[in-house]
Amino acid sequence: MLKNYRIVVAVVVCVIFQICSGSLPSNINKCKISDHVCIAKSINDVIRLYPKGNPSFGFVDISEIKRPKIILSEDKNRQKSSLGLNLIVENAVLYGLENAKVTSVSGFDPNISKITLTADVMNLRLTGDYNVNGNILLLQLKGKGKGEIKSKRTTFKATVDVRVEKRNGKNYLAINRIKMDIQPHDLHVSLDNLFDGNKELTESLNETINKNWRDFWMELRDLANDALADLSRGILESAFNHLSYDDFYVN
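Residues numbered from 1 in each chain as written. Predicted model: local features only at pLDDT ≥ 70, side-chain atom pairs only at ≥ 80, totals over all residues. Heavy atoms only, no water.

Asks: What's the story with the state of the cysteines in this structure? I'm lost.
Replies: Simply put, the disulfide is a covalent bond whose two ends are the sulfur atoms of two cysteines. A full pass over the atoms with the stated rule returns one disulfide. The disulfide partner of Cys-31 is Cys-38, and the gap between their sulfur atoms is 2.0 Å. A torsion of -80° about the S-S bond marks the disulfide between Cys-31 and Cys-38 as left-handed. Both residues of the pair, Cys-31 and Cys-38, count as buried. (Disulfide = S-S within 2.5 Å. Buried < 20%, exposed > 50% of the residue type's maximum accessible area, 1.4 Å probe, protein only.)

See below:
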């Protein structure tokens, strides 16, 4: 009886230690440091195998990323931006990051300080309750209701400035700054209930935006890049806090 009890206690302690310290699952290949081809493949394996997340190494669900509010404005206090546009998306949900495929990485070196990662994402979609007031593409936009922005293919380039911190005898990564560069290859915007539900104006403005989506994106790009950088920070910090940088690699 005592022997069985000791076995149970040992198993429980091992499970708790693994979850607290963080470890990659055995089906994720560890790479040699600076082997960026291998590292890109392993990141893709994580995305493919764990789109709903994995708490053992702090990887969150990326198939449905929910945020109570996303503010696309240069003034976070919702005052009028230099673009003359304030777009607030509440109850926001971002779908599609589970379709990401990393095409290149760099910076995973012994003296790590800057990581760059490029990925293609298919069928990216942002939905939520929008509130817009301002001007874009020489058009006045005013209204609130349900909104959706989607792209069949989007390329991301993330540049992450990091520092190494020592905790419990191991090295962990901490984020100083994230810079995001989003390049959609197409874009479709749908905002209902513009101008207090004026159907003709709503359809006309949505059509104009979608015909001129490249110009629309260029005006909105910097604000969207900042918003996605904030979102990405939460995803990366969760993983970095659970999994030490030492445990990324084979010995």
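Back to the write-up after that little detour.
Asks: Explanation requested: the packing of aromatic side chains in the structure shown.
Replies: Working definition: an aromatic ring pair is given by the centre-to-centre distance plus the angle between the planes. Enumeration according to the criterion identifies five aromatic pairs in this entry. Relative to Phe-248, the ring of Tyr-245 lies with its centre 5.2 Å away and its plane at 75°, an arrangement referred to as edge-to-face. Assessed through its relative accessible area of 7%, Tyr-245 is described here as buried. Pairing Phe-248 with Tyr-249 gives two aromatic rings, centres 6.0 Å apart and planes at 70°, and the pair type is edge-to-face. The same class applies to Phe-248 and to Tyr-249, which are both buried. One aromatic cluster is present, built from ring pairs that chain together Tyr-50, Phe-57 and Phe-59. Sitting over the face of the ring of Tyr-95, Arg-125 holds its NZ or CZ atom 4.4 Å from the ring centroid. (Phe/Tyr/Trp six-rings, centres within 6.5 Å; stacked < 30°, edge-to-face > 60°. Lys NZ or Arg CZ within 6 Å of the ring centre and 35° of its normal.)

Asks: Teacher, can you tell me more about the pattern of salt bridges here?
Replies: Side chains carrying opposite charge are able to pair once their charged atoms draw close together. This model, assessed by the stated rule, comprises 15 salt bridges. When the shortest N-O distance is used, the salt bridge between Glu-90 and Lys-69 registers 3.8 Å. In this pair, Glu-90 is assigned in strand β2 (residues 85-95) and Lys-69 in strand β1 (residues 64-72), connecting sequence segments 21 residues apart. Residue Glu-90 is classed as partly exposed on the basis of its relative accessible area, which comes to 35%. (Salt bridge = Lys/Arg side-chain N within 4 Å of Asp/Glu carboxyl O. Helix = DSSP H or I, 4+ residues; strand = E, 2+ residues; numbered from the N terminus.)

Asks: Quick question: what am I supposed to make of helix α2 (residues 36-49) here?
Replies: The periodicity of an α-helix, 3.6 residues per turn, causes residues three or four places apart in sequence to face the same way. For α2, spanning 14 residues, the distance from its first C-alpha to its last is 20 Å, which sits close to the expected 20 Å at 1.5 Å a residue. Considered for burial, the residues of α2 that qualify are His-36, Cys-38, Ile-39, Ala-40, Ser-42, Asn-44, Asp-45, Val-46 and Ile-47. Elements that come into contact with the buried residues of α2 comprise β3 (101-106). (Expected span 1.5 Å × (residues − 1). Contact = heavy atoms within 4.5 Å.)

Asks: Help me understand unusual backbone geometry in this model?
Replies: The phi torsion of most residues other than glycine is negative, and most of the peptide bonds are trans. One non-glycine residue, Ser-34, lies in positive phi territory at about 75°. Mapped onto the elements of the fold, Ser-34 is located in the loop between α1 (2-21) and α2. A relative accessible area of 33% means that Ser-34 is categorised as partly exposed. Phi angles above zero are rare outside glycine, and Asp-196 is one such case at about 55°. Tracing the backbone through its elements, the reader meets Asp-196 in helix α3 (residues 194-197).

Asks: Where do I start with the pairing of strand β6 (residues 170-184) in this structure?
Replies: Here is the key point about a regular strand: its side chains alternate between the two faces of the sheet. In terms of strand pairing, strand β5 (residues 139-167) meets β6 through 14 bridges, oriented antiparallel. Looking at the pairing, Thr-155 lines up with Gln-183 of β6. Counted along the chain from β5 to the antiparallel partner β6, the turn is two residues long, and its residue Asn-168 has a positive phi close to 50°. (Pairing = 2+ DSSP bridges.)

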